[in-house]
Amino acid sequence: MGKAKKRIIYKGKNEQFTSLSRSEAVKNVVKLLELGDKEAYSLITLFGLSPEEVLEAGASYEVVKGMENIFK
């Protein structure tokens, strides 16, 4: 793989969220939790989201309770 292709792939991986507000982050976390994506963990820790915020946005109680150690 050439240098240019490596740069394009790297740029695509790291520039997924260029500007993200807190409310958009909560919505994205709920979507990612439904899919079981591990990216949700990084958004939770990055924004310091609380379980109440995620529950109010529509996440299931079981998923949030299972991730209790991440929210602390």
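All of these numbers come straight from a predicted model, not from anything done at the bench.

What counts, and at which threshold
- Residues numbered from 1 in each chain as written.
- Predicted model: local features only at pLDDT ≥ 70, side-chain atom pairs only at ≥ 80, totals over all residues.
- Heavy atoms only, no water.
- Helix = DSSP H or I, 4+ residues; strand = E, 2+ residues; numbered from the N terminus.
- Buried < 20%, exposed > 50% of the residue type's maximum accessible area, 1.4 Å probe, protein only.
- Contact = heavy atoms within 4.5 Å.
- Salt bridge = Lys/Arg side-chain N within 4 Å of Asp/Glu carboxyl O.
- Arc of directions from axis to C-beta.
- pLDDT = per-residue confidence, 0-100.
- Axes fitted to C-alpha atoms, helices over the stretch in contact; angles between N-to-C directions.
- Parallel < 35°, antiparallel > 145°, perpendicular 65-115°, else oblique.
- Left-handed = near helix turned anticlockwise from the far one by under 90°.
- Nonpolar A, V, L, I, M, F, W, Y, C, P; charged D, E, K, R; others polar.

**What about the overall build of the protein chain?**
Logical step 1: Counting its secondary structure elements, the protein chain contains six helices and zero strands.
Logical step 2: Written out in order from the N terminus, the α and β elements of the protein chain read α-α-α-α-α-α.
Logical step 3: Burial status across the protein chain gives 22% buried among its 72 residues.
Logical step 4: In the protein chain, the share of contacts with a sequence separation of at least 24, taken over all contacts with a separation of at least 6, comes to 43%.

**Concerning the pattern of salt bridges**
Logical step 1: Per the counting criterion, the structure on display carries two salt bridges.
Logical step 2: Here Arg22 and Glu53 are joined by a salt bridge, their closest N and O atoms 3.0 Å apart. Residue Arg22 is located in helix α2 (residues 22-35), and its partner Glu53 is located in helix α4 (residues 51-57); the two are separated by 31 residues in the primary sequence.
Logical step 3: Given the relative accessible area of 25%, Glu53 is considered partly exposed.

**As for helix α3 (residues 39-47)**
Logical step 1: Every buried residue belonging to α3 is among Ala40, Leu43 and Ile44, and all of these are buried. Relative to the axis of α3, the buried residues are bounded by an arc of 100° and lie together on one face. Facing away from the buried side of α3, by more than 90 degrees, are the exposed residues Thr45 and Leu46.
Logical step 2: Taken together, the buried residues of α3 touch α2 and α6 (68-71).

**Things to note about the environment of Glu52**
Logical step 1: Mapped onto the elements, Glu52 comes out in helix α4.
Logical step 2: Residues Glu52 and Val64 lie 12 residues apart in sequence; the distance between their C-alpha atoms is 9.1 Å.

**A word on the confidence of the model for the protein chain**
Logical step 1: Summing up the model confidence of the protein chain, the mean pLDDT is 84 and the portion of residues at 70 or higher is 83%.
Logical step 2: For the protein chain, per-element mean pLDDT is lowest for helix α1 (residues 3-14), which scores 69, and highest for α4, which scores 94.

**As for the packing of α2 against α3**
The angle between the axes and the distance between the axes are what describe a pair of packed helices.
Logical step 1: It is at 9 Å that the axes of α2 and α3 come closest, and there the two elements cross at 155°. Viewed along their axes, α2 and α3 adopt a mutual orientation that is roughly antiparallel. Crossing of α2 against α3: the hand is left-handed. From α2, Arg22, Ala25, Asn28, Val29, Leu32 and Leu33 reach across to α3, where they touch Glu39, Ala40, Leu43, Ile44 and Phe47.
Logical step 2: Within the contact of α2 with α3, the residues separate by chemical class into eight nonpolar, one polar and two charged.

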